[in-house]
Amino acid sequence: MNTLLTILLQAAPTAEQIQQKQDSIRAGARHMLEYARTDPHDFWQAVGDQLLQFGLKVLAALLLYIVGIWLIGLLKKGMKRMFERRKVEPTLASFISSFVSITMTILLVVVAVSTLGVNTTSLAALLAAGGMAIGMALSGTVQNFAGGLMILAFKPFKAGDLIEALGHTGTVVEVNITVTKILTPDNRVVILPNGALSNGTVNNFSGRPLRRIECLVSVSYGVDAAACKQAILNILNDDNRVLKADTNMDELYKELNVTKFQLSTVNYRMSAIPAPFVALKSLNENDITFVVRAWVRGKDYWDVFFGMQERFYTELPPQGFTFAYPHVDVTMLHE
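Residues numbered from 1 in each chain as written. Predicted model: local features only at pLDDT ≥ 70, side-chain atom pairs only at ≥ 80, totals over all residues. Heavy atoms only, no water.

Read across the sheet, 5 strands follow the order β4-β3-β2-β1-β5 without closing on themselves; strand pairing throughout is antiparallel. Each having just a single partner strand, β4 (189-193) and β5 (202-204) make up the two edges of the open sheet. When strand polarity is set aside, the average angle formed by the axes of neighbouring strands in this sheet is 40°. Of the pairings in the sheet, the one linking strand β1 (residues 162-165) to β5 comprises 3 bridges and is antiparallel in character. Among the inter-strand pairings, Ala165 is bridged to a residue of β5, identified as Val202. (Pairing = 2+ DSSP bridges. Helix = DSSP H or I, 4+ residues; strand = E, 2+ residues; numbered from the N terminus. Axes fitted to C-alpha atoms, helices over the stretch in contact; angles between N-to-C directions.)

Take the sheet that holds strand β8 (residues 288-297) next. The strands making up a sheet are joined through hydrogen bonds of the backbone, oriented either antiparallel or parallel. A sheet is described by the order of its strands in space; here 3 strands give the open sequence β6-β8-β7, paired in antiparallel fashion. This sheet does not close on itself; its edge strands, each paired only once, are β6 (210-219) and β7 (277-283). Strand-to-strand, the axes of this sheet are offset by a mean angle of 25°, without reference to chain direction. Where β6 and β8 come together, 10 bridges link them in antiparallel fashion. Bridge pairing in β8 links Arg212 to Trp295. Together, β6 and β8 form the strand contacts of helix α11 (residues 301-315), whose direction differs from that of β6 by roughly 20°. (Contact = heavy atoms within 4.5 Å.)

A few words on the side chain of Asp239. For Asp239, the position within the fold is in the loop between α8 (225-237) and α9 (249-255). Looking at Asp239, the relative accessible area reads 8%, which means it is buried. Residue contacts for Asp239: discarding those within four places in its chain leaves Lys244 and Met308. (Buried < 20%, exposed > 50% of the residue type's maximum accessible area, 1.4 Å probe, protein only.)

What follows concerns the environment of Val223. As for its placement among the helices and strands, Val223 is situated in the loop between β6 and α8. Residue class for Val223 comes out buried when judged on its relative accessible area of 18%. As a C-alpha pair, Val223 and Phe321 span 98 residues in sequence and 6.2 Å in three-dimensional space. Aside from chain neighbours lying at most four places away, what touches Val223 is Ile288, Gly320, Phe321 and Thr322.

In structure tokens form, the structure reads like this:
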């Protein structure tokens, strides 16, 4: 704040400087009137010369401004074509184009004004002080603005992705330059500041086209472990949405419409799908637990997850694989 006040004080004229300016103007006016009275012919000739010189400066400034605006327009069109070829995020492309256009226009105005012979040092100082004041007043907004640039440039998520961030889970519906809007499963719109979002942990559930389901199945002691494993595998293999080890990866990625750029990203593409997996995970106090893992398309994750849970519950008990539950055996002794 002290630095800002210093800049503003340096840019603003003092009372003594203002008085000196006024005295200089009065003296100049008296001299001009005296000159006009004593030698009117030379006076009006000098006035004409000055007007001509000033008119030429105005014409040069206008010409410079018109040419500059035309060049800025060409630059914006060139940037637009470049962004379209490189498929840059539209929001980011629009911001960069606007920022460059505004900056170049301000510089053009300063140059055009200086062409008229006006001292632009004070103007530049005032612009710098004003920019600093706005930046300090909007420090939080500037942080969100920078975070928005990072998000739009590196794309940790995009519209349509299901993410968990800053304690909220939802589908991204809009990514702006300062905030990101997500739609929660209970139909609430949560607005997340991009500054905190770019510096925090983001769990992108839609970041990969394939996902692995993992769930636990607990059954009573005494069941045939091998037979139970096979029964669970039969349920998994019976569902066409569960990917098998013989899945053709080329056809799968073509179906998922994954671009060549995504396929070239390190560890993005899987060379093969692991077969559905079932193993005895733990021996607990009242039951034994099997871990179940299977790979599915990202869009099928929750449907398969909940569907498998329901099938395990309804199909395993009739085959003799009963589910355990916490219980206590009480023996009553009679005298």
